[in-house]
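# Working through the structure, step by step
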Amino acid sequence: MAAELSGAVLDLEEDEDLEVFTKKPSLAVSGPLPTSPSSMTNQYHLEHEDQEESRTERDLFISVDNPESHVTAIETFIMYRVLTRTTRGDFDSSEVEVRRRYQEFSWLRSRLEESHPTLIIPPLPEKFVMKGMVERFSDDFIETRKKALHRFLHKISVHPVLSRSPHLKTFLTAQDLAPHKKQGPGLFSRMGETVRSMAHSVRGLRSRAEEFSSIQDYVDQFSNSISSVDKVTQRIIREHREYVDELKQYSPAYSQWAELEPDGLSEVLRGVSRSVELCGQETEQRAQELSETLLPVLHEYVLCADTLKAVLRRRDNIQADFEVKNDALAARKVDPETLQEEVDVLAERLEQANVSLRGDWSRWRSGLSSDARAAFVSTAERNQQHYEKCLAVWESFLLSQKMDPQRPDLEPTS
């Protein structure tokens, strides 16, 4: 399986120097050529990790790996190893290992959201695979999900508030989560929150602070933009794979034709067949790397946009409750002393929500900037390598024809 996601940057291959403009045909058409360790992508990866480590003294490190398939009479599911290393005194051991399935990650996220409704909880990968990309429970699907789950826990582990959650500690240390999963609000509690949210959205707010209105406007526009980029990227990857399938039929056709022709034309046809094959392999690799490097970041932030909208709604719900109680207090419709206490509590909750969201918004924007930049730099470098390698393949083919002593008509003219 591919290397895991680490930190806020998707893993990038570190390979050796690439020579693409060689005039030796045997070198130009050799197997996949690696990436330079001094490349822009690798330099950025190292710089980003150094900056992240220098910002905070981390004492909690979590990794997700070693997926195992489990088959029962009623279902098939994957369990992942969650390994925690920590220097925190409230943990019984400096290293803890548990195994978790997807629904238990979902339990953790729900508990974090309930405990911290105005913090931006990192998204989980969707329960079902994106249609048309990979098959559920295939190696690619499991690898993609493993990386996303690792990324989810990493982001929680570096968050100043979420990393201290007792729910996170339970998730990381309890060998059996069943007793803990029975705790928490039920269906009707969650439905009640939804009904209140709908009612408040209909009535609207009188005096939302400008900064939160600006955030709402940004999120709405960002959601549309990132969704469009995500959809087009998925379509490009599918088209790349369809193109590769065509090339896999195209190359053998030239080889079969070559069997019918005399040596001169036969060699030309074999050269074309080999060039098409090599370019097809490179295109297939490019599609795979787009799927592993760019698409996960885009799709994560599609889900982030939905999370942001939900957080803003919850923040607005608190303000709406405050406004209703404050209006009632001003109208003296209820016992003023009792209502004043409720208004004071809601005012404090609203201020806490504003402070929490304000801090998390800044943190989220910083994460978006670093994640997107890393993914786009990696994709740009990979695109450059792809076209350079394909160019080298066809240059090698042309050079082999010009150097062929049996084809003087192709010798370069002065």
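Residues numbered from 1 in each chain as written. Predicted model: local features only at pLDDT ≥ 70, side-chain atom pairs only at ≥ 80, totals over all residues. Heavy atoms only, no water.

Of all 11 residues in strand β2 (residues 76-86), 8 are buried, a share of seventy percent or more. In textbook terms, the turn of a hairpin is the stretch between consecutive antiparallel strands, and for strand β1 (residues 60-71) and β2 this stretch comprises 4 residues. (Buried < 20%, exposed > 50% of the residue type's maximum accessible area, 1.4 Å probe, protein only. Helix = DSSP H or I, 4+ residues; strand = E, 2+ residues; numbered from the N terminus. Pairing = 2+ DSSP bridges.)

Taken as a whole and judged by the stated rule, the model has 9 aromatic pairs. On the numbers, 5.7 Å between centres and 10° between planes, the contact of Tyr218 with Phe222 is stacked. In this pair, Tyr218 and Phe222 are both assigned in helix α8 (residues 210-258), 4 residues apart and thus about one turn of the helix distant. With relative accessibility at 12%, the residue Phe222 sits in the buried group. Following the ring pairs from residue to residue traces out a cluster consisting of Tyr218, Phe222, Tyr301, Trp361 and Trp364. (Phe/Tyr/Trp six-rings, centres within 6.5 Å; stacked < 30°, edge-to-face > 60°.)

Taken together, the 10 bridges between β1 and β2 define a ladder with antiparallel strand orientation. Note on β2: the bridge partner recorded for Ser63 is Leu83.

Bringing a nonpolar patch on the surface into the picture now. On the surface, a cluster of nonpolar side chains totalling about 330 Å² of accessible area is made up of Trp257, Leu260 and Leu265. Topologically, Leu265 is positioned in helix α9 (residues 263-331). (Patch = residues over 30% accessible without salt bridge, like charges linked within 9 Å, V, L, I, M, F, W, Y side chains within 5 Å. Areas by Shrake-Rupley, 256 points an atom, 1.4 Å probe, with all protein chains shown as cover. Salt bridge = Lys/Arg side-chain N within 4 Å of Asp/Glu carboxyl O.)

A few words on the sheet that holds strand β3 (residues 95-101). The strand order across the open sheet built from 3 strands is β1-β2-β3, with neighbouring strands paired in antiparallel fashion. Either end of the sheet is taken by a strand with one partner, and the two such strands are β1 and β3. Taking each pair of neighbouring strands and ignoring which way they run, the sheet shows an average axis angle of 20°. With 7 bridges connecting them, β2 and β3 associate as antiparallel partners. Within β3, the position partnered with Leu83 by the bridge is Glu97. Contacts between helix α5 (residues 166-173) and the sheet are confined to β1, β2 and β3, with β3 contributing the most and set at about 90° to the helix. (Axes fitted to C-alpha atoms, helices over the stretch in contact; angles between N-to-C directions. Contact = heavy atoms within 4.5 Å.)

So, on to a negative patch on the surface. A surface patch of like charges, here negative, comprises Glu239, Glu242, Asp245 and Glu246. Among the structural elements, Glu239 can be located in helix α8. Judged by its relative accessible area of 44%, Glu239 is partly exposed. (Lys, Arg positive; Asp, Glu negative; His and termini not counted. Charge placed at Lys NZ, Arg CZ, Asp CG, Glu CD.)

Moving on to the environment of Gln216. Structurally, Gln216 can be placed in helix α8. Gln216 gets classed as buried once you look at its relative accessible area, which sits at 16%. Linking Gln216 and Leu312, residues 96 residues apart in sequence, is a C-alpha distance of 7.3 Å. For Gln216, the contacting residues outside a window of four places in its chain are Arg208 and Leu312.

One can describe the packing of α8 onto helix α10 (residues 336-402) by two numbers: an axis separation of 12 Å at closest approach and a directional angle of 35°. In this structure, α8 crosses over α10, and the sense of that crossing is left-handed. Here α8 contributes Glu211, Phe212, Ile215, Tyr218, Val219 and Phe222 to the contact with α10, which in turn contributes Asn354, Leu357, Arg358, Trp361, Trp364, Arg365 and Leu368. (Left-handed = near helix turned anticlockwise from the far one by under 90°.)

The values are spatial; any link to function lies outside them.
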